[in-house]
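Residue-level listing of the chains:
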Amino acid sequence: MITKIQPPDWAEPKGYANGILARGALLFVGGQIGWNAQQEFESDDFVAQTRQTLQNIAAVLKAGGAGPEHMVRMTWYVVDRDEYVASLRALGGVYREIMGKNFPAMTCVQVAGLVEARARVEIEVTAVVPD
């Protein structure tokens, strides 16, 4: 069971949840980046890398018996905050295409760099598969 938590007097968040209450088996998806299954980058474009990153997350979720609807927490690490903000419209479309309208508790952090020098974004996810 997964339930969104929203304080009653708070404005409704857009594209994420303020809190999630869940019960079941935990699935932790390690930080995924925008390379393909052979660990090769096909693009240096931020949105294209985010698309691949989300596809990678969906594949790991599926391998663990879960889907986007089971995500309860998502942390984004981006190397350029301005690039992220400028891409929000396109990111929203890519996100909904791959993850649907499943919006977990979410955090986005700008970092100085990622381990893979070409990576523009890295995302980690926690999912809960109900018993």
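Preceding block: the structure.
The structure presented is a predicted model; accordingly, all values stated were derived computationally and were not measured.

Draft legend 1. The overall build of the chain, seen in detail. The secondary structure content of the chain amounts to three helices and six strands. The N-to-C order of helical and strand elements in the chain reads β-β-β-α-β-α-α-β-β. Taking 131 residues into account, the globule formula puts the C-alpha radius of gyration at 14 Å, and the chain, at 15 Å, falls close to it. The dimensions of the chain, computed from C-alpha atoms along their principal axes, are 40 × 35 × 25 Å. By the burial criterion, 39% of the 131 residues in the chain qualify as buried. Look at the contacts in the chain between residues 6 or more apart in sequence, and 77% of them connect residues 24 or more apart. If you sum the accessible surface of the chain, you get close to 7,600 Å²; carbon and sulfur atoms cover 51% of it.

Draft legend 2. Up close: the nonpolar core. Counting residues in hydrophobic clusters, the biggest one holds 23 residues, and the most contacted among them are Leu 54, Ile 57, Leu 61, Met 74, Ile 123 and Val 125. For this core, the secondary-structure elements that each account for two or more residues are β3 (25–33), α1 (46–63), β4 (71–78), α3 (88–99) and β6 (121–129). Excluding residues within four positions of it along the chain, Ile 57 makes contact with Val 29, Gln 32, Met 99, Ile 123 and Val 125. Grouped together as the second largest cluster of nonpolar side chains are six residues, Ile 33, Val 79, Leu 114 and Ala 119 included.

Draft legend 3. The arrangement of the environment of Ile 2 in detail. Structurally, Ile 2 can be placed in strand β1 (residues 2–5). For Ile 2, a relative accessible area of 30% puts it in the partly exposed group. On a C-alpha basis, the gap between Ile 2 and Pro 68 in space is 12 Å, while along the polypeptide they are 66 residues apart. Once you skip the residues sitting within four places of it in the chain, Ile 2 turns out to touch Ile 20, Leu 21, Ala 22, Glu 69, His 70, Val 72 and Val 128.

Draft legend 4. Summary view of the pairing of β6. The element β6 is largely enclosed, with a buried count of seven among its nine residues. When β3 meets β6, the two strands line up antiparallel, connected through seven bridges. Note that in β6 the partner of Ile 33 across the bridge is Glu 122. Two strands pair when backbone bridges link them, and β4 and β6 are joined in this way by seven bridges, in the antiparallel orientation. From the neighbouring strand, Tyr 77 faces β6, where its bridge partner is Glu 122.

Draft legend 5. Representation of the packing of aromatic side chains within the structure. Summed over all chains, the structure comprises three aromatic pairs. Each ring, one from Trp 35 and one from Phe 41, has its centre 5.6 Å from the other, and the planes form 50°; the classification is tilted. In this structure, Trp 35 and Phe 41 share a single accessibility class: buried. Aromatic side chains Trp 76 and Tyr 84 sit 5.9 Å apart centroid to centroid with 70° between the ring planes, which places their arrangement in the edge-to-face category.

Draft legend 6. Summary view of the pattern of salt bridges. As enumerated under the stated definition, the model contains four salt bridges in all. The closest approach of N and O atoms between Asp 44 and Arg 118, which form a salt bridge, is 2.8 Å. Of this pair, Asp 44 sits in the loop between β3 and α1 while Arg 118 sits in the loop between β5 (105–110) and β6, placing them 74 residues apart in sequence. Assessed through its relative accessible area of 45%, Asp 44 is described here as partly exposed. Among the residues examined, Arg 118 registers a relative accessible area of 40% and is labelled partly exposed. A salt bridge links Glu 97 to Arg 51; the nearest nitrogen and oxygen atoms lie 2.7 Å apart. Linking Glu 97 in helix α3 with Arg 51 in helix α1, this pair joins segments that are 46 residues apart in sequence. A relative accessible area of 52% means that Glu 97 is categorised as exposed. Note on Arg 51: relative accessible area 28%, which makes it partly exposed.

What counts and what doesn't
- Residues numbered from 1 in each chain as written.
- Predicted model: local features only at pLDDT ≥ 70, side-chain atom pairs only at ≥ 80, totals over all residues.
- Heavy atoms only, no water.
- Helix = DSSP H or I, 4+ residues; strand = E, 2+ residues; numbered from the N terminus.
- Rg over C-alpha atoms; globule rule 2.2 N^0.38 Å.
- Buried < 20%, exposed > 50% of the residue type's maximum accessible area, 1.4 Å probe, protein only.
- Contact = heavy atoms within 4.5 Å.
- Areas by Shrake-Rupley, 256 points an atom, 1.4 Å probe, with all protein chains shown as cover.
- Core = buried A, V, L, I, M, F, W, Y, C linked by side-chain atoms within 4.5 Å.
- Pairing = 2+ DSSP bridges.
- Phe/Tyr/Trp six-rings, centres within 6.5 Å; stacked < 30°, edge-to-face > 60°.
- Salt bridge = Lys/Arg side-chain N within 4 Å of Asp/Glu carboxyl O.

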